Amino acid sequence: TVKFPDSPEAIKQTCPDLAKVKDDEAQVSELMKVVVANYGTYYECKAKLDAWLEWHKKQKEIFDSISK
């Protein structure tokens, strides 16, 4: 019986929570730091997820073609 591969460790982990602006840091400069950090966090997580979805799609196609 062929076993479908396990998912990579990087994908098993959930994306980190986005940072929040503290009430006492309501200055525009602090707000921008948080926004920039959140953009980086989001796009890093998106890249990992997109890569995983593409890998899974290709592997499933291969698996299905062999299983027939």
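Enquirer: How should the overall build of the chain be read in this particular structure?
Expert: Scanning the chain from N- to C-terminus turns up 2 helices and 0 strands. The buried share of the chain, taken over its 68 residues, is 6%. Surface summary for the chain: the accessible area is close to 6,000 Å², and the carbon and sulfur share equals 59%.

Enquirer: Please clarify how the state of the cysteines should be interpreted in this entry.
Expert: In protein chemistry, a disulfide is the covalent bond that joins the sulfur atoms of two cysteines. This structure, assessed with the given rule, holds 1 disulfide. The partner cysteine of C15 in its disulfide is C45, sulfur to sulfur 1.4 Å. Pair noted here: C15 is in the loop between α1 (9-12) and α2 (28-67) and C45 is in helix α2, with a separation of 30 residues, a long-range link. According to the relative accessible area criterion, C45 is buried, its value standing at 15%.

Enquirer: Explain the pattern of salt bridges here, please?
Expert: Two side chains that carry opposite charge are able to pair once their charged atoms sit near each other. Using the criterion set out here, one finds 5 salt bridges in the structure. In this structure, the salt-bridge partner of D50 is K46, at a minimum N-O distance of 2.6 Å. Of this pair, D50 and K46 are both found in helix α2, 4 residues apart, which corresponds to roughly one turn of the helix. Notably, a salt bridge pairs D64 with K60, separated by 3.4 Å at the nearest N-O pair.

The rules behind these values
Residues numbered from 1 in each chain as written. Predicted model: local features only at pLDDT ≥ 70, side-chain atom pairs only at ≥ 80, totals over all residues. Heavy atoms only, no water. Helix = DSSP H or I, 4+ residues; strand = E, 2+ residues; numbered from the N terminus. Buried < 20%, exposed > 50% of the residue type's maximum accessible area, 1.4 Å probe, protein only. Areas by Shrake-Rupley, 256 points an atom, 1.4 Å probe, with all protein chains shown as cover. Disulfide = S-S within 2.5 Å. Salt bridge = Lys/Arg side-chain N within 4 Å of Asp/Glu carboxyl O.

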